[in-house]
Amino acid sequence: MPTQSVPSGPAQPIEHPAAAVPPADRDAEADAGSAPVPATAEHRRLAESAESDAPWRRWGPYLAGRQWGTVREDYSPDGDAWNAFPFDQAHARAYRWGEDGLGGVSDRYGFLNFALATWNGNDPILKERLFGLTNAEGNHGEDVKEYWWALDGTPTHSWMQWRYRYPQAAYPYEQLREVNRNRSRTEREYELADTGILDGSRFFDITMTYAKAGPDDLTITITATNHGPEVHPLHLIPQLWLRNTWSWGRDHRPARIVHRPRRNVDAVATSTVQVEHELVGGYRLIAEHTTAAAGGTPRVLFCHNETDAVGLWGAAANRTPTVKDGIGRHVVHGDPDAVVVADDSLLGSPDGEPVSGTKVGFWYRFDAVAPGATVTVRLRLCTGDPGEWTFGTDFDAVVADRKAEADEFYDAVIPAHLNATDRTVARRAFAGLLWGKQLYRYGVQEWLDGDPAGPPAPEQRRREGARNDDWTKLALADVISMPDEWEYPWFASWDLAFHCVALAHVDPSFAKAQLVLLCREWAMHPNGQLPAYEWEFSDVNPPVHAWAAWHVYRIDGSRDPEFLARILSKLLLNFSWWLNRKDPDGSDLFEGGFLGMDNIGLFDRSKGLPPGTRLEQSDATSWMGFFCLHMFKIAVELAEHPETTARAWDDLATTFLEHFLSIAAAMDEFGSHGICLWDEGQQFFCDVLVHPDGTGERLPVRSMVGLLPLLAVAVGPRDLATRLPDFQARLAWLLRRRPQECRGLIRSSAGDDRRVALALVGPDRLPALLSRLFDEREFLSPYGIRSLSAAYRDGFSMVVGGRTVGIDYEPGESTTGLFGGNSNWRGPVWFPVNVLLADALREHDRVTGGSVTVELPTGSGRTGALRDAADEIERRLIDLFRPGTDGVRPSDGQRIEASDDPLWREHVTFSEYFHGDTGEGLGATHQTGWTAVVAHLLCRQPRPIS
């Protein structure tokens, strides 16, 4: 079979996002691109693969890192997803909605899955998936207890690498559970490295490398290196299986994997299985027999992807003679009846029928891997029969070509002037994002109803108020960018917005499709709300979708107004939902609950309010001003394109102008109940608690809540009056007739530049807020802006509704149980809001014509323009991943990645959030979702002035 090196045909003339505008204009148009896209092989593939069902996108790392413990698999009466489907059942129980595995791939619909299983000769179970603690088991919430890294990847998944660090001793499952269970919230998490199991480098590094010869032809190389000091056995069992779609009574199509014995005409020694499935049938997985090392000839083990009801629950019988954990029972426990072993020397089974099942493993057994030695297993997933091409020079050429093409692609995407450290950080961030693309299947109505053949829906799920019972229209079966493949293996609407901004640098088509997806009829609620996340779709995430769409459009070269029009038309519904649901009295002061910032308040802002009260939130109101202005920007942009209906966009721009000015006036005045959100004494914005009797009180806490008004700022284009005559006329009328309603209108004062500028924070309040922002005793940490002022190191409390409530600056992991405890907004640095703040400061610099300066830091005597302040925030964020004078990345903190061992230090980890004083990464350890926005920051770094 010939190698398909790259798709034929010239690339389409599109514009390259990495080619930024000249440095002098960078702050004005930071994301705009203007140069043609590079003529790399991967860019040509992307040009032919704009649609989600394009051939080159058919296979990818879409297999989940964790499917157990998700809401989708929870059919319990009490809604306890972690216990409804725990890790201890995952190896033996068929999933309903998806699959999971180690370093695996699947087709984009998840019917056919490939991943690695491995065994070190000591573990009690076959290692088929990553292990971690459930929310109740961890002392800081759920917490994965493994080490792995996304090493590399290209957006069409023509090249992918992933590494897993596998201990050689028995994995300490119970020790990790017990120690963490007995630790308090004030103690650190007990990690796998703390057990001593990895001392002396007693582990295997197992690397999965995928290189596509064509859209339906994947070469697979698995290497395992013994880094320990002793000879050690290792079993590698690459597995192919079909998702169980037949057990639930809804899909009766036959599906199986069939053994194809080796015939004498084969030129090389191989073992082959073939898939028989209506939608993905015809694929073959071919495994090479490696004669260079003992154990290189695999045994082919078949079982069925069916639940072991006998072993789990003591049922009388199983549906099939072999079940999901058959391979593990055979390899680990020596059970001869758990699998059917196929004989490559036979043309079929003794009765003439081929050996088949719905799950198959190729068991490579290496009994003595020497210290420093590497064993290799090669396979090919394709549609052709094996031959000389399968593992000959063609295989090696595909791997070499794809590796070279990946290097060529990133040389074009990542600015050449970045040093090696920054380039590695950016490339690893992109790799994590691309490996975080996972298939998400969830039909809420089917889930609520239960399946004809089971599992049945519990009675509690049919009652009003059951989880997600108002989201029956949501029915997803799409590849979606996940925040984290283990701790957050589900989409979150505001996380995804940040992912898309970073992804736009490498795959703008996918980034745009993701933003559109959440606005489609099968995702967005009919009332216009965007789904938050599967644990509670009705929770409210900040409205950052319009901001992300604007930046993705600009990064993509401002060449796709149709995308902007699609987003704007859908987000109008979402904007109306905010107006109707989150501003109950029409005061233009909004409430939204926790708004993604979990425990940032004095109490749970979603559920912990005193009876009869409500919260007028500084952040909710600011988010709406921010939302308005990005909708305004999009409408103004669309009015410039003759292929769009300019008059309609003119009208919309006017609409968002009026909404924004109303919000600005409401924040500036004495609120809806005589209390202004601006605290004159503190020179800061605060939430206001409105009591049942109509009185209100300000909650004088200095947190990220009070900094978010800075985000709502925008500058119109110079030709706005010509482009938007209706807007200009309405603005003139407002200024003439209702000047008191125009407090949010600010005019640029730079020479003849009289462009319209809008901001919630005017020049009278901006200096005071910036002084707080850049005060190292308050918000400015060495590695970004803290989420709570460090002035509360000794705590703050007040009486609200007859009870004393308080808050403390907690720079690290949370000591409270709000939202599970693994998220903390009471001090740490969070990447996404820092990026928004830096972005806003550049816009404020344009608003003020560069005339406003700020001390950097406060009290230092060193001043800079607001664009310099934005650069300072971004520098500190990037410094999280740059080695310090001791050679340690601040983000590694006290974790094992900070050790002197290069085997650890070479790997960059992207954490969920960062310690407010030290910069140590905390929370989820593979949040290459929004923390990967560091790649966005690096890709737009200006070339140093020589």
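None of the values given here were measured: they were computed from a predicted structure.

**Some remarks on the overall build of the chain**
Per the secondary structure count, the chain includes 24 helices and 38 strands. Taking 30 Å as the expected radius of gyration for a compact globule of 946 residues, we find that the chain reaches 28 Å, a close match to that expectation. A separation threshold of at least 6 residues defines the contact pool for the chain, and within that pool the share at least 24 residues apart is 72%. With an accessible surface of roughly 32,000 Å², the chain has 49% of that area assigned to carbon and sulfur atoms. In the chain, 94 positive and 132 negative side-chain charges are present, and the distance between their average locations comes to 2 Å.

**Comments concerning the side chain of D650**
With respect to the secondary-structure elements, D650 resides in helix α16 (residues 646-668). In this structure the side chain of D650 is engaged in a polar contact, spanning 2.9 Å, whose partner is the backbone nitrogen of D726. Beyond its immediate chain neighbours, meaning those up to four positions away, D650 contacts L724, P725, D726 and F727.

**Examining helix α15 (residues 618-638)**
With 21 residues, α15 extends 30 Å between its outermost C-alpha atoms, agreeing within 8% with the 30 Å of an ideal straight helix rising 1.5 Å per residue. Counting buried residues along α15, 21 of its 21 residues qualify, which places the element largely inside the surrounding structure.

**With respect to the packing of aromatic side chains**
Tallying each qualifying case throughout the model produces 55 aromatic pairs. Here the aromatic rings of W490 and Y533 are separated by 5.7 Å at their centres, their planes lie at 40°, and the arrangement is tilted. Taken together, the residues span a long stretch of sequence, with W490 in the loop between β22 (475-481) and α11 (493-503) and Y533 in the loop between α12 (508-517) and α13 (545-555) at a distance of 43 residues. The same class applies to W490 as to Y533, namely buried. Positioned above the aromatic ring of F111 is the side chain of R441, whose terminal nitrogen or guanidinium carbon lies 5.5 Å from the ring centre. When the ring centre of W447 is taken as reference, the NZ or CZ atom of R461 above it lies at 3.8 Å.

**Describing the sheet that holds strand β18 (residues 356-357)**
With respect to topology, 9 strands assemble into an open sheet ordered β8-β9-β10-β11-β20-β15-β14-β13-β18, the strand pairing being antiparallel. Strand pairing shows two members of the sheet lacking a second neighbour, β8 (148-153) and β18, which therefore form its edges. By the bridge criterion, 8 bridges tie strand β11 (residues 217-226) to strand β20 (residues 374-382) in an arrangement that is antiparallel. Considered in β20, the bridge of A224 is made with V375. Along the sheet, helix α8 (residues 393-413) makes contact with β8, β9 (159-167), β10 (203-214), β11 and β20, crossing β10 at roughly 90°.

**A closer look at the pairing of β10**
Note on strand geometry: in a regular strand, side chains alternate between the two faces of the sheet. Burial analysis of β10 places 12 of its 12 residues in the buried class, the great majority of the element. In the sheet, β9 pairs with β10 via 9 bridges, with the strands oriented antiparallel. Note that in β10 the partner of P167 across the bridge is F203. Looking at chain direction, β10 and β11 are connected through 10 bridges and run antiparallel. Bridging from a neighbouring strand, Y210 pairs with I220 of β11. From the end of β10 to the start of β11, which pair antiparallel, there are 2 residues.

**Let's talk about the nonpolar core**
Membership of the largest hydrophobic core comes to 182 residues, with the highest contact counts inside it found for F774 and F831. Considering each element in turn, this core owes the most residues, 13 residues, to α15.

**Re the environment of S814**
In this fold, S814 is placed in the loop between β34 (803-807) and α21 (831-847). Spatially, the C-alpha atoms of S814 and N599 are 8.7 Å apart, while their sequence positions differ by 215 residues. Those residues in contact with S814, other than ones at most four positions away along the chain, are H140, R185, N599, G821, S823, N824 and Y913. Side chain to side chain, S814 and N599 meet in a polar contact 3.1 Å long.

**A few points about the packing of α12 against α13**
Contact geometry of α12 with α13 gives a least axis separation of 10 Å together with a crossing angle of 160°. Taken together, α12 and α13 sit at an angle that is classed as roughly antiparallel. Judged by the sense of rotation from one axis to the other, the crossing of α12 with α13 is left-handed. Each of A511, K512 and L515 in α12 lies in contact with α13, whose residues at this interface are H545, A548, A549 and V552. Class assignment of the residues belonging to the contact of α12 with α13 gives a composition of 5 nonpolar, 1 polar and 1 charged.

**Topic: unusual backbone geometry**
The peptide bond linking L856 to P857 adopts the cis configuration, its omega dihedral lying at -5°. Mapped onto the secondary structure, P857 falls in the loop between β35 (853-855) and β36 (863-865). Look at N468: it is not a glycine, yet its phi comes out positive at around 60°. You can see N468 is positioned in the loop between α10 (444-449) and β22.

**Structural notes on the sheet that holds strand β23 (residues 614-616)**
Backbone-to-backbone hydrogen bonds pair the strands of a sheet. The strands run either parallel or antiparallel. Strand order in this open sheet of 3 strands is β23-β26-β27, and the pairing throughout is antiparallel. Looking along the sheet, the strands with just one partner apiece sit at the ends: β23 and β27 (696-699). Sheet twist, expressed as the mean angle between neighbouring strand axes with direction ignored, is 30°.

**Some details on the pairing of strand β21 (residues 437-443)**
Across the 7 residues of β21, 7 count as buried, placing the element largely inside the fold. Here β21 shows two buried faces, one formed by K437, L439, R441 and G443 and the other by Q438, Y440 and Y442.

**Regarding the packing of α13 against helix α14 (residues 561-581)**
The packing of two helices is summarised by the inter-axis angle and the distance between the axes. Direction vectors running N to C along α13 and α14 enclose 175°, while the axes themselves pass 10 Å from each other. Relative to α14, the element α13 is oriented roughly antiparallel. For the pair formed by α13 and α14, the contact residues are H545, A546, A549, W550, V552 and Y553 on the first element and P561, F563, L564, I567 and L571 on the second. Across the contact of α13 with α14, the residue classes break down as 10 nonpolar, 1 polar and no charged.

**Re the environment of D839**
Here D839 lies in helix α21. Look past the residues within four positions of D839 in its chain and what remains in contact with it is W547, H551 and R940.

**Quick look at the side chain of T322**
With respect to the secondary-structure elements, T322 resides in the loop between α5 (309-313) and α6 (326-333). Within the structure, the side chain of T322 is placed 2.9 Å from the side chain of H304, a separation counted as a polar contact. Among residues more than four places away in sequence, those in contact with T322 are F302, C303, H304, D337, A338 and V339.

**As for the pattern of salt bridges**
With the rule as written, the count across this model stands at 76 salt bridges. D879 is the partner of R875 in a salt bridge, and the nearest nitrogen-oxygen pair spans 2.6 Å. Of this pair, R875 and D879 both sit in helix α22 (residues 866-879), 4 residues apart, which is roughly one turn of that helix.

**Remarks on the confidence of the model for the chain**
Predicted coordinates in regions of low pLDDT should not be interpreted in detail. Here the chain averages 91 in pLDDT, while 93% of its residues score no lower than 70. Per-residue pLDDT stays below 50 along residues 1-29; that stretch engages in 79 contacts with residues further than four places along the chain or on separate chains.

**Regarding helix α19 (residues 725-737)**
Taking 1.5 Å of rise per residue, the 13 residues of α19 would be expected to cover 18 Å, and the 18 Å separating its terminal C-alpha atoms lies within 8% of that figure. Turning to α19, its buried residues are F727, L731 and L734. The arc enclosing the buried residues of α19, seen along the axis, measures out at 60°, which places them on a common side. Seen from the open side of α19, the exposed residues pointing more than 90 degrees away from its buried face are R736 and R737. Buried-residue contacts for α19 involve α15, α16, α18 (720-723), β29 (745-747) and β30 (756-759).

**With respect to the environment of D892**
With respect to the secondary-structure elements, D892 resides in the loop between α22 and α23 (902-905). Relative accessible area serves as the criterion here: at 0%, D892 is assigned to the buried category. With 15 residues separating them in the primary sequence, D892 and H907 have C-alpha atoms 9.8 Å apart. Here D892 is in contact with E897, A898 and E920, once residues within four sequence places are set aside.

Parameters at a glance
- Residues numbered from 1 in each chain as written.
- Predicted model: local features only at pLDDT ≥ 70, side-chain atom pairs only at ≥ 80, totals over all residues.
- Heavy atoms only, no water.
- Helix = DSSP H or I, 4+ residues; strand = E, 2+ residues; numbered from the N terminus.
- Rg over C-alpha atoms; globule rule 2.2 N^0.38 Å.
- Contact = heavy atoms within 4.5 Å.
- Areas by Shrake-Rupley, 256 points an atom, 1.4 Å probe, with all protein chains shown as cover.
- Lys, Arg positive; Asp, Glu negative; His and termini not counted.
- Charge placed at Lys NZ, Arg CZ, Asp CG, Glu CD.
- Polar contact = N/O pair within 3.5 Å; in protein donor to acceptor, adjacent residues only side chain to side chain.
- Expected span 1.5 Å × (residues − 1).
- Buried < 20%, exposed > 50% of the residue type's maximum accessible area, 1.4 Å probe, protein only.
- Phe/Tyr/Trp six-rings, centres within 6.5 Å; stacked < 30°, edge-to-face > 60°.
- Lys NZ or Arg CZ within 6 Å of the ring centre and 35° of its normal.
- Pairing = 2+ DSSP bridges.
- Axes fitted to C-alpha atoms, helices over the stretch in contact; angles between N-to-C directions.
- Core = buried A, V, L, I, M, F, W, Y, C linked by side-chain atoms within 4.5 Å.
- Parallel < 35°, antiparallel > 145°, perpendicular 65-115°, else oblique.
- Left-handed = near helix turned anticlockwise from the far one by under 90°.
- Nonpolar A, V, L, I, M, F, W, Y, C, P; charged D, E, K, R; others polar.
- Salt bridge = Lys/Arg side-chain N within 4 Å of Asp/Glu carboxyl O.
- pLDDT = per-residue confidence, 0-100.
- Arc of directions from axis to C-beta.

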